[in-house]
Amino acid sequence: MSDSPEARRYRALFISDVHLGTKGCQADLLLDFLKYHDADTIYLVGDIVDGWRLKSSWYWPQKHNDVVQKLLRKGRKGTRMLYLPGNHDEFLRDYYGTHFGGIEVVETAIHEAADGKRYLVIHGDVFDLVVRHAKWLAFLGDWAYSAALTVNTYLNKARRRLGLTYWSLSQWAKLKVKNAVNYIGKFEEAVAEEAKRHQVDGVICGHIHHAVIHDQFGVRYVNCGDWVESCTAIAEHEDGHLEIICWTRHLEKAPAGERDMVEGARAAA
């Protein structure tokens, strides 16, 4: 994983699960990330905007608008932008094949890396049985997840006062609770099987907010993570190799003034 705060340009960047329109969205950290990272192609791998939450209660602070403007600006400067809607921004699925401000809306994509490997790019919710067959249960899970994020916010305020680093309650639960671990494994296997059906070398997805790169199911499985908890993205270097960039690590190592500025903006959001 990379921690460098230096400005970098990559062959491609993959970002998913930003959830603009929710209080849990770490818009300030994403803006900070976009300031230091650029690419020839940026894939927005679903759930960038949270239409589910916006339907029930409108929440759209200036920083969320700034993220949209920042992405549009990159498109105007020549970056190819592809948007693959997820379940939370499924309203955009009616617009496959169209462009919004230079951003292409597509259902799936095949990304060919510099080393010749081909990757299926997809959000991944179509392989989540809860979302496909019991949407009411997915909404309930979304509510519980939001509650955990609220607890997490207050917990990390206390940790900062004690001089401790950021820690995610919900991420910890995902990796410790048996049912959650089993769910992640089944999801990864299902998505990997879809990559095999497309006869590609791997898959790049989002949806479950768990950034990882591995080859456990016979193809390369890559998950972008999210910008609610882990603040991660996937970068393709000029030689084709893929890397997880964890931006919270940069924040932990940043000068105190910069860290306090970003943390203060997050607390005010």
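What you are looking at is a predicted structure, and each value in this text was computed from that prediction instead of being measured. (Residues numbered from 1 in each chain as written. Predicted model: local features only at pLDDT ≥ 70, side-chain atom pairs only at ≥ 80, totals over all residues. Heavy atoms only, no water.)

Moving on to helix 3 (residues 62-76). Helix length check: helix 3 (15 residues) gives 21 Å between terminal C-alpha atoms against 21 Å at 1.5 Å per residue, within 8%. For helix 3, the full list of buried residues reads His 64, Val 67, Leu 71, Leu 72 and Lys 74. Across the axial projection of helix 3, the buried residues extend over an arc of 160°, all falling on one side. Exposed residues on helix 3 whose side chains face more than 90 degrees from its buried face are Gln 62 and Arg 76. Summarising the contacts, the buried residues of helix 3 are in contact with helix 1 (27-36), strand 2 (37-44), strand 3 (80-83), strand 4 (99-100) and strand 5 (103-105). The first or second residue beyond helix 3 is Gly 78, which carries a positive phi of 115°. (Helix = DSSP H or I, 4+ residues; strand = E, 2+ residues; numbered from the N terminus. Expected span 1.5 Å × (residues − 1). Buried < 20%, exposed > 50% of the residue type's maximum accessible area, 1.4 Å probe, protein only. Arc of directions from axis to C-beta. Contact = heavy atoms within 4.5 Å.)

Right, let's get into the sheet that holds strand 8 (residues 202-205). Across a sheet, paired strands are connected by hydrogen bonds in the backbone, their directions being either parallel or antiparallel. Taken in spatial order, the 5 strands of this open sheet run 6-7-8-10-9, and their pairing is mixed. The sheet terminates laterally at strand 6 (109-112) and strand 9 (212-214), the two strands that pair on one side only. Neighbour to neighbour, the strand axes of the sheet diverge by 20° on average, direction disregarded. Bridging between strand 9 and strand 10 (residues 220-223) involves 3 bridges; their strand directions are antiparallel. Residue Ile 213 lies in a different strand from strand 10, and its bridge partner there is Val 222. (Pairing = 2+ DSSP bridges. Axes fitted to C-alpha atoms, helices over the stretch in contact; angles between N-to-C directions.)

Time to look at helix 1. Across the 10 residues of helix 1, 9 count as buried, placing the element largely inside the fold. Of all the positions in helix 1, only Ala 27, Asp 28, Leu 29, Leu 30, Leu 31, Asp 32, Phe 33, Leu 34 and Tyr 36 are classed as buried.

Inspection of every chain in the model, using the stated rule, returns 0 disulfides. Looking at the unpaired Cys 25, the closest cysteine sulfur is the one in Cys 231, lying at 8.6 Å. By relative accessible area, which is 5% here, Cys 25 ends up buried. Sulfur of Cys 224: no disulfide; nearest cysteine sulfur belongs to Cys 205 and is 7.0 Å away. Owing to a relative accessible area of 0%, Cys 224 belongs among the buried residues under this scheme. (Disulfide = S-S within 2.5 Å.)

The next thing to look at is the side chain of His 111. Looking at where His 111 falls in the secondary structure, it is placed in strand 6. In terms of polar contacts, His 111 uses its side chain to reach the side chain of Glu 236, at 2.6 Å. Those residues in contact with His 111, other than ones at most four positions away along the chain, are Arg 11, Ala 12, Phe 14, Tyr 43, Lys 117, Arg 118, Tyr 119, Val 121 and Glu 236. (Polar contact = N/O pair within 3.5 Å; in protein donor to acceptor, adjacent residues only side chain to side chain.)

Take the sheet that holds strand 5 next. Taken in spatial order, the 7 strands line up as 4-5-3-2-1-11-12 in an open sheet, and their pairing is mixed. Pairing within the sheet leaves two strands with one partner each, and these edge strands are strand 4 and strand 12 (242-246). As defined by bridge partners, strand 1 (residues 8-15) adjoins strand 2 across 7 bridges and the pair is classed as parallel. Following the sheet pairing, Ile 15 is matched in strand 2 by Leu 44. Lying on the sheet, helix 1 is in contact with strand 1, strand 2, strand 11 (232-236) and strand 12; it crosses strand 2 at an angle near 125°. Relative to strand 2, helix 3 is tilted by about 110°, and along the sheet it contacts strand 2, strand 3, strand 4 and strand 5.

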